[in-house]
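# Observations on the three-dimensional arrangement
Single-letter residue listing:
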Amino acid sequence: MSKPILEIQHIGKKYRIQQSRQPYISLRDSIGQWFKPKSQSQDFWALNDVSFTVNAGDTIGIIGKNGAGKSTLLKILSRITPPTTGKVISRGRIASLLEVGTGFHPELSGRENVFMNGSILGMRRGEIKTHFDAIVDFAGVAQFIDTPLKHYSSGMQLRLAFAVAAFLQNEILIIDEVLAVGDAEFQKKCLGKMDEVSKSGRTVLFVSHNMASVKSLCKKGLVLVNGKIEFQGTQTNSIIFYQNNYNTANVFNHNGTIETAPGNSNIRVLSFKVLPKNDDVIQISSGILFELVFFNYKKNINLDVTFELSNSDEITGIFPENLLNAGIYKFKLIFGENQRDVLYIHNDVIQFEVLNETLGSNSNILPGIIRPQLIYTSNFID
Amino acid sequence: MFNPIVEYEIKPRHPLNPGFSELWQNRELLYMFALRDIKVKYKQTYLGIAWALLQPGLMTLLFTLGLGRIINVSTCNGLNYPAFALSGFVLWNLFATGLSNAGNSMVSNAAIIKKIYFPRLVIPVSSFLVAFVDFTIALCIMLPVMLFLGNGPVLAAWLYMPLSILLCFLAAFGLGTFLSAANIKYRDVRYVLPFITQALFFASPVIYPLNLNPQAWYTILIRCNPMYAPLELFRAAFGYNINAMHLWPSIACSLFFVAYGLYYFKKTEHFFADLA
């Protein structure tokens, strides 16, 4: 137990990008290459000197933008592609769920597909047989288990696929956003199963764009930016770090003299922040605090400052708990005088994201811009 | 419940270990891949697995009525022509189907290769197994037909037949692994494959006995054909006269292809996921 279950040491992955190159090449292209200068290729490091250790029982959320190297890291850990530099020492069986239902074949029955998919994921036949009833039960497709998969609805296929994966016995699970499957009820079941898995002492590496699910599943976090680890720590700190620095620029700070700050001869904006009021991260129930620092050249005037907030429509105001729905919002600052004359307008000064929180069993983002918790009373009238 | 903890490293690799032990550990997966392909192959066909025999049977009929009469060969080194052609087609089908399945196998399973790790060799080997199932069925029906044609198996068939099947496997395996790996990088292989198969067909004693002139320059070339030895041995099981000394170039060539095919496959397999 003393040794970490996974040691990732100075992993790097280099891809060669070539201009106007097909994803696969033909012999003709290859021969053509002999006569061309080789300057066309360009090295691109999808991962660069990434090192971290994972202890048995850790649940780690890997956060990062598209193209930050998350998927490449998972591919290396699941041995799909080798690293260019460095190495990984693993002391357990790794199961990777980069997608659900790998190897599913539409012509085969549900039963045959369970065995096929289970085998590909590295389960022994005996293991699959032991868990077969539980898998079918979990997926809720017992009635159709001998029907060819092509007659299943897409939801049923996904449920069956997740069910197989849920019964993997591997010590290390690598999961890439596979949770976003099925209807709300099944999603809840999946989250419950995932929670059970992480509590059973198994090691989970989880990649997602969905901060809410990272938050609910993982204890530790890791932020990847341009192929490098920028932050490692608890899950909450990682999300805060990510939100503050990369996800959306929810802090604007001007470094320099007042004269160079954005604005005009009336107003200069020095800093503007959007912060969670009650919580560590901005989410629906946290409340949102605004902090604006500006320099006013016009002394002794009746100054008004207006926020205009937009995602699809425009609303104005300052936001208490449970008002804004989840989503990304942009700010527009308007400075005026005497409710009449506009002094300065600053567009898109910052943007921020409100994280989604699950309401009952529904983890989808609800439609609309506001999401207040209203108290309803209902009376029945004969 | 957990397996004993195995420590292993993931790092840049080199194609030195052919990976047979890993293949053996994954024999269940090998079986599952083969089972899937067999089941899928005859789904929604009316005659189903009967096609396994109908293909060589119809070809034999065609060639007996056509070529057999034109070139007027009644007996070929101890076999009458229909028996000669049938035995040739049955074994050739094993090779040609195995080769074509294996050659296209990596590309048709690209979606799986990109998403999950398992020893990649499982795929071309399992695709040969699919051809082998067809062959076994064809063989079971072929034996009584051969008896009926007056060329039943001889006593030494117990030696010749497994040996010829093994050699046929090696021939298909060597070329198949090479082509399947090359196919990932160069999709041209898909178009070259039928041509290679056809060329080998004419260079092999399938529909006509190659009564080679020992002095001719091309004789040794023809005998280097990896399918020369398996076909000769397969027919020897039914009383065909062969000269064992003529088989060695073919066997040697086959083994060379196996070694090179495996080396090339292992060298490139780590990048399949990046290229596929």
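Thresholds applied
Residues numbered from 1 in each chain as written. Chains lettered and ligands numbered in written order. Predicted model: local features only at pLDDT ≥ 70, side-chain atom pairs only at ≥ 80, totals over all residues. Helix = DSSP H or I, 4+ residues; strand = E, 2+ residues; numbered from the N terminus. Buried ≥ 20, exposed ≤ 12 C-beta atoms within 10 Å, placed from the backbone. Contact = placed C-beta atoms within 7 Å. Pairing = 2+ DSSP bridges. Axes fitted to C-alpha atoms, helices over the stretch in contact; angles between N-to-C directions. Left-handed = near helix turned anticlockwise from the far one by under 90°. Nonpolar A, V, L, I, M, F, W, Y, C, P; charged D, E, K, R; others polar. pLDDT = per-residue confidence, 0-100. Core = buried A, V, L, I, M, F, W, Y, C linked by C-beta atoms within 7 Å. Domains from an automatic or database assignment. Expected span 1.5 Å × (residues − 1). Parallel < 35°, antiparallel > 145°, perpendicular 65-115°, else oblique.

Next up on the list: the overall build of chain B. The number of helices and strands found in chain B is 13 helices and 3 strands. The buried share of chain B, taken over its 276 residues, is 43%. Within chain B, contacts between residues at least 6 apart in sequence are counted, and of these 84% link residues at least 24 apart.

Moving on: the overall build of chain A. Broken down by element type, chain A carries 8 helices and 17 strands. Long-range pairs, those at least 24 residues apart, make up 69% of the contacts in chain A with a sequence separation of at least 6.

Here the focus is the sheet that holds strand β3 (residues 59-63) of chain A. All names here are of chain A. Reading across the sheet, the 6 strands line up as β5-β6-β7-β3-β8-β9 and stay open at both edges, with mixed pairing between neighbours. The sheet is open, and its two edges are formed by β5 (94-97) and β9 (228-234), each paired on a single side. Sheet twist, expressed as the mean angle between neighbouring strand axes with direction ignored, is 15°. As defined by bridge partners, β3 adjoins strand β8 (residues 220-225) across 4 bridges and the pair is classed as parallel. What sits directly across from Ile60, in β8, is Lys220.

Attention shifts here to the packing of helix α3 (residues 110-120) of chain A against helix α2 (residues 27-41) of chain B. Relative orientation of the contacting elements α3 of chain A and α2 of chain B amounts to 145°, with a least axis distance of 9 Å. In the crossing of α3 of chain A with α2 of chain B, the sense of the turn from one axis to the other is left-handed. Contacts between α3 of chain A and α2 of chain B involve Glu112, Phe115, Met116, Ser119 and Ile120 of chain A on the former and, on the latter, Glu28, Leu29, Met32, Arg36 and Lys39 of chain B. When its residues are assigned to classes, the contact of α3 of chain A with α2 of chain B shows 5 nonpolar, 1 polar and 4 charged.

Turning our attention to the pairing of strand β7 (residues 203-207) of chain A. Residue and element names in this part refer to chain A. With 5 of its 5 residues buried, β7 lies for the most part within the structure. Side chains Thr203, Leu205 and Val207 of β7 all project onto a buried face; the interleaved residues Val204 and Phe206 project onto the opposite face, where all are buried too. Relative to β7, β3 is paired through 4 bridges, and the arrangement is parallel. What sits directly across from Ile60, in β7, is Leu205. Relative to β7, strand β6 (residues 172-176) runs parallel, the two sharing 5 bridges. Among the inter-strand pairings, Ile172 is bridged to a residue of β7, identified as Thr203.

Another aspect to go through is the environment of Ile175 of chain A. Residues and elements named next belong to chain A. One can find Ile175 in strand β6. With 33 residues separating them in the primary sequence, Ile175 and Ser208 have C-alpha atoms 8.7 Å apart. With residues near it in sequence (within four places) discarded, Ile175 still touches Leu97, Val204 and Phe206.

Okay, the confidence of the model for chain B next. All names here are of chain B. Confidence in the prediction of chain B, expressed as mean pLDDT, is 83, and 88% of residues score 70 or more. Taken together, the stretch residues 1-5 has pLDDT below 50 and engages in 6 contacts with residues farther than four places along the chain or on a different chain. Reported confidence for the predicted complex is 0.78 by ipTM and 0.72 by pTM.

Here we take up helix α11 (residues 228-236) of chain B. One full turn of an α-helix is made of 3.6 residues, so residues set three or four places apart face in the same direction. Residue and element names in this part refer to chain B. Here α11 lies mainly inside the structure; 9 of its 9 residues are buried. Taken together, the buried positions of α11 are Tyr228, Ala229, Pro230, Leu231, Glu232, Leu233, Phe234, Arg235 and Ala236. Elements in contact with the buried residues of α11: β3 (79-80), α5 (81-108), α8 (157-185), α10 (219-223) and α12 (248-268).

Let us look at the nonpolar core. Ile62, Val164, Ala165, Ile174 and Phe206 of chain A together with Phe95 and Ala172 of chain B are the most contacted members of the largest nonpolar core, which totals 151 residues. Broken down by element, this core gets its largest block of residues, 15 residues, from α5 of chain B. Built from parts of two domains, this core gets at least three residues from each of domain 1 (6-244) and domain 2 (251-354) of chain A. Setting aside anything within four residues of it in sequence, one finds Val164 of chain A in contact with Val114, Asn117, Gly118, Leu121 and Ile135 of chain A. In terms of nonpolar packing, the next biggest core, distinct from the first, is built from 6 residues, Phe294, Phe331, Leu333 and Phe335 of chain A among them.

Here the focus is the confidence of the model for chain A. Residues and elements named next belong to chain A. Overall, the prediction assigns chain A a mean pLDDT of 76, with 79% of residues at 70 or greater. For chain A, the element scoring lowest by mean pLDDT is strand β14 (residues 314-315), at 38; helix α4 (residues 125-139) scores highest, at 90. Per-residue pLDDT stays below 50 along residues 312-317; that stretch engages in 9 contacts with residues further than four places along the chain or on separate chains.

End to end, α2 of chain B covers 21 Å across 15 residues, agreeing with the expected 21 Å (1.5 Å per residue, within 8%). Burial in α2 of chain B covers these residues: Leu29, Leu30, Met32, Phe33, Ala34, Arg36 and Asp37 of chain B. Buried residues in α2 of chain B make contact with α3 of chain A together with α7 (122-148) of chain B.

Before going further, it helps to spend a moment on the packing of α8 of chain B against helix α9 (residues 189-202) of chain B. To describe two helices that pack against each other, one gives the angle between their axes and the distance between the axes. All names here are of chain B. Packing of α8 against α9 brings their axes to within 9 Å, and their N-to-C directions diverge by 150°. As far as their axial angle goes, α9 and α8 are roughly antiparallel. Residues Leu179, Ala182 and Asn183 of α8 touch α9, and the partners they reach there are Val189, Arg190 and Leu193. Its residues assigned to classes, the contact of α8 with α9 shows 4 nonpolar, 1 polar and 1 charged.

What follows concerns the pairing of strand β15 (residues 327-337) of chain A. Both faces of the sheet carry side chains from a regular strand, because those side chains alternate between them. Residues and elements named next belong to chain A. When β15 meets strand β16 (residues 341-346), the two strands line up antiparallel, connected through 5 bridges. Paired with Phe335 across the bridge in β16 is Tyr344. A loop of 3 residues connects β15 with β16, the two strands running antiparallel in sequence, and Asn338 in this loop sits at a positive phi of about 55°.

The next subject is unusual backbone geometry. All names here are of chain A. The backbone of Asp49 sits at a positive phi, close to 50°, despite the residue not being glycine. If you trace the backbone, Asp49 turns up in strand β2 (residues 41-54). In this model, Asn226 sits at a positive phi of 45°, which is unusual for a non-glycine residue. By the element assignment, Asn226 lies in the loop between β8 and β9. Accessibility expressed as a C-beta count within 10 Å gives 15 for Asn226, which makes it partly exposed.

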